[in-house]
Amino acid sequence: MFRKAAVPTVSNGSYLQGQADGKLSSLDSGQPAQEEKVVLKKKVTLLRGISIIIGTIIGAGIFISPKGILKNTGSVGMSLTVWTVCGILSLFGALCYAELGTCIKKSGGHYTYILEAFGPLPAFVRVWVELLIIRPAATAVISLAFGRYILEPFFMQCEIPELAIKLITAVGITLVMVLNSTSVSWSARIQIFLTFCKLVAILIIIVPGVIQLIKGETQHFKNAFAGNDASVMGLPLAFYSGMYAYSGWFYLNFVTEEVENPEKNIPLAICISMIIVTVGYVLTNVAYFTTISAGELLLSKAVAVTFAERLMGDFSLAVPVFVALSCFGSMNGGVFAVSRMFFVASREGHLPEILSMIHVRKHTPLPAVIVLHPLTMIMLFNGDLYSLLNFLSFARWLFIGLVVAGLIYLRYKRPDMPRPFKVPLFIPALFSFTCLFMVALSLYSDPVNTGIGFAITLTGIPAYYLFIVWDNKPKWFRKLLGCPLRPICSEFSQKGIIRI
């Protein structure tokens, strides 16, 4: 089921064994490669790249409960400052990933860059935790928000049954999986449409807010920094909330092999997306404070709904629909991107071989997409989702900090690596320090949950030695891992799916 990890090779700055474009190698070195090769096609244009980033970053939080920062900073002025600083820091991180994406032209995002800089063990630990817990739990959480708000217009006068929410959520998850299994082009087109809907929703909030400012509604901005009780324990939690709200800027790097002209389009898409999101987030929060006080915002269950009810009357009924579309866009973008991480990890021998297969006609990594479906369903109906995300939220930033530190390491380890896009060294230094500092402070402020998350992450180490390194496995163990794969692979081969 798992294979021995590939032996490190150097090919234009790459640890990975596959070709730079992800194409099939000839099975016989004496025979020329076939002209028509089954690959993941380069269908991600600049516009589609922007839609992947924006569409994945903007979820339900900015519309429903953008109060984590305000709660932990204690004042309107400090909360807007943290929103701005988190946007700038996220832009710094995105620029670092832009450099990595243009010099290491492989899909896989975090996994690929950790593999390149630090080797297979930390890379395996990253993909192990992502596959088993982080991605299924994160997909289930954003899907539950989709299920709740798509049903909201039908249950205006009563509580929505939990079973109904989960059933609609399951339908939404299945639809996303089918869409990403069927067509890259259609999933990208729908992502563009959903991103447009999100930006329209944000403009619907920002424009009335600007009108309120023009009218002189600035009473909530007076003494903006008064009452600030931010502490050493509160600020890292505020930054966690802010950085989580901006998370998603790294997803385009998961599909590098499918991006047209990546040297140009990856940096452009990242810069354009982060500027749009940062300006949009800050102005949206400013708009909220033109109508809602800090205390009312903390008490509101759905801030955008409260804002719309006060300024737009019955139009507020459209807010749940926009929130549901926003959640669906985040679901679609996340599944589209992360499935490529599993595809690449399988190609390198760190996940079951079947996950590196591509559908011959549809040119989608079908098994890498489908594997998320049962895992997400298990999380949806049986898992304690929010506890798992709390346990492992630190792991995401730990590994992102490690990736950016790896950029600095590669500057010295491989100075001759081609770098079409290069950031000043202080940017990765500042960003990696910020990520690791936040992780350290989280250990101090919430040692129990962070410690549990750290322990869960460390389970990847024995798993690596058990499945990847250990060669002398007993026959029964090899049969247990290997036998189920053969009939599955044969069946997939008959159905038009081919191994890369």
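Because the structure is predicted, anything quoted here is derived from the model rather than measured.

What counts as what
Residues numbered from 1 in each chain as written. Predicted model: local features only at pLDDT ≥ 70, side-chain atom pairs only at ≥ 80, totals over all residues. Heavy atoms only, no water. Helix = DSSP H or I, 4+ residues; strand = E, 2+ residues; numbered from the N terminus. Buried < 20%, exposed > 50% of the residue type's maximum accessible area, 1.4 Å probe, protein only. Contact = heavy atoms within 4.5 Å. Areas by Shrake-Rupley, 256 points an atom, 1.4 Å probe, with all protein chains shown as cover. Core = buried A, V, L, I, M, F, W, Y, C linked by side-chain atoms within 4.5 Å. Axes fitted to C-alpha atoms, helices over the stretch in contact; angles between N-to-C directions. Parallel < 35°, antiparallel > 145°, perpendicular 65-115°, else oblique. Left-handed = near helix turned anticlockwise from the far one by under 90°. Nonpolar A, V, L, I, M, F, W, Y, C, P; charged D, E, K, R; others polar. Salt bridge = Lys/Arg side-chain N within 4 Å of Asp/Glu carboxyl O. Polar contact = N/O pair within 3.5 Å; in protein donor to acceptor, adjacent residues only side chain to side chain. Patch = residues over 30% accessible without salt bridge, like charges linked within 9 Å, V, L, I, M, F, W, Y side chains within 5 Å.

Caption draft 1: Just the overall build of the protein chain, in detail. A tally of regular secondary structure across the protein chain gives 21 helices and two strands. Out of the 500 residues belonging to the protein chain, those deemed buried represent 57%. For the protein chain, contacts bridging at least 24 residues in sequence account for 83% of all contacts bridging at least 6. As presented, the protein chain carries roughly 20800 Å² of accessible surface, and 67% of it is formed by carbon and sulfur atoms.

Caption draft 2: Quick look at the nonpolar core. Core analysis: the largest hydrophobic core is formed by 131 residues, its most contacted members being Phe63, Trp249, Leu252, Tyr281 and Phe342. A total of 15 residues in this core trace back to one element, the largest contributor, which is helix H13 (residues 319–347). If we ignore the near neighbours within four places in the chain, the residues touching Leu252 are Val44, Gly49, Ile52, Ile53, Val259, Ile266 and Ala269.

Caption draft 3: Quick look at unusual backbone geometry. Located in the positive-phi region is Asn261, a residue other than glycine, with phi close to 45°. Relative to the helices and strands, Asn261 resides in the loop between helix H9 (234–246) and helix H10 (262–291). Backbone geometry at His363 places phi at a positive 55°, although glycine is not the residue there. When you line up the elements, His363 lands in the loop between strand E1 (357–359) and helix H14 (366–370). Taking relative accessible area as the criterion, His363 reaches 15% and is therefore assigned buried.

Caption draft 4: Broad picture of the packing of helix H4 (residues 76–103) against H9. The geometry of H4 relative to H9 is characterised by a closest axis approach of 9 Å and an angle of 55° between their N-to-C directions. Classed by the angle they form, the pair H4 and H9 counts as oblique. Note that H4 runs across H9; the crossing there is right-handed. Residue-level contacts link Val82, Trp83, Val85, Cys86, Gly87, Leu89 and Ser90 of H4 to Ala238, Phe239, Gly242, Met243, Ala245 and Tyr246 of H9. Of the residues that constitute the contact of H4 with H9, the class distribution is ten nonpolar, three polar and no charged.

Caption draft 5: Local environment of the pattern of salt bridges. Following the criterion strictly, the structure yields eleven salt bridges and no others. Of the charged contacts, one joins Glu257 and Arg347 as a salt bridge, the two residues approaching to 2.8 Å between their closest N and O atoms. Of this pair, Glu257 sits in the loop between H9 and H10 while Arg347 sits in helix H13, placing them 90 residues apart in sequence. Just as Glu257 is buried, Arg347 falls in that class too. Linked through salt bridges whose partners overlap, the residues forming this network are Glu99, Arg411 and Arg419.

Caption draft 6: Highlighting the environment of Ser107. Mapped onto the secondary structure, Ser107 falls in the loop between H4 and helix H5 (110–118). By relative accessible area, Ser107 is classed as buried at 2%. Linking Ser107 and Val338, residues 231 residues apart in sequence, is a C-alpha distance of 9.8 Å. What Ser107 contacts, discounting residues up to four positions off in sequence, is Thr112, Asn253, Phe254, Val255, Thr256, Glu257, Glu258, Arg340 and Val344. A polar contact is formed between the side chain of Ser107 and the backbone nitrogen of Thr256, at a distance of 3.2 Å.

Caption draft 7: Here's a closer look at helix H12 (residues 303–312). Within H12 the residues assigned to the buried category are Val303, Ala304, Val305, Thr306, Phe307 and Ala308. Buried positions along H12 lie against helix H2 (61–64), helix H8 (184–214), H10, helix H11 (294–299) and H13. At the C-terminal side of H12, Gly313 shows a positive phi close to 60°.

Caption draft 8: View of a nonpolar patch on the surface. A cluster of nonpolar residues, Phe454, Leu458, Ile461 and Tyr465, forms a patch on the protein surface that exposes about 350 Å² of accessible area. Of all the elements in the fold, those that place two or more residues in the nonpolar patch are helix H18 (447–458) and helix H19 (460–469). Residue placement: Phe454 occurs in helix H18. For Phe454, a relative accessible area of 40% corresponds to the partly exposed category.

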